[in-house]
Amino acid sequence: MVRTPLTPEERRRGERLGELLREARGGRSMTAIAASAGISAETLRKIETGRAPTPAFFTVAALAGALGLSMDELLTRCGPAVGVVPEPGALPLTA
């Protein structure tokens, strides 16, 4: 299966997610948060640095739980920017 290249907005959204997770982690260790979420520290590192801009939903949900963030807050802060028009054929984030 060939993966469709990410759009610039998808990359920016991944960067925003990484920034939010780093901010929420604060002084806590990456290893401790990753273990609490049930993922590897390397996976968390990739998400925080934007090298994994589209992590699986369950990974994001586990990280949100480990960091005390709500999924609503993540969507609000990391979702599409207001006024950004999705590319043709792009799936909406909400129904």
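Each value, and the rule that gives it
- Residues numbered from 1 in each chain as written.
- Predicted model: local features only at pLDDT ≥ 70, side-chain atom pairs only at ≥ 80, totals over all residues.
- Heavy atoms only, no water.
- Core = buried A, V, L, I, M, F, W, Y, C linked by side-chain atoms within 4.5 Å.
- Buried < 20%, exposed > 50% of the residue type's maximum accessible area, 1.4 Å probe, protein only.
- Helix = DSSP H or I, 4+ residues; strand = E, 2+ residues; numbered from the N terminus.
- Contact = heavy atoms within 4.5 Å.
- Arc of directions from axis to C-beta.

Caption draft 1: Focus on the nonpolar core. Core analysis: the largest hydrophobic core is formed by 18 residues, its most contacted members being L17, L21, L44, L63, L69 and L74. Contributing elements (two or more residues each) for this core: helix 1 (8–25), helix 2 (30–37), helix 3 (41–49), helix 4 (57–67) and helix 5 (71–78). By residue number, the principal contributor to this core is helix 4, which donates five residues. Ignoring anything within four residues of it in the chain, the contact list for L21 reads I47, E48, L63, L67 and L69.

Caption draft 2: Geometry of helix 4. Listing the buried residues of helix 4 in full gives T59, V60, L63, A64, A66 and L67. Within helix 4, the buried residues cover an arc of 165° as seen down the axis, which keeps them to one side. Exposed positions of helix 4 whose direction lies more than 90 degrees from the buried face are F57, F58 and G65. Looking at the buried side of helix 4, the elements it contacts are helix 1, helix 2, helix 3 and helix 5. G68, located one to two residues past helix 4, shows a positive phi value of around 75°.

By themselves, these figures tell us nothing about what the structure is for.
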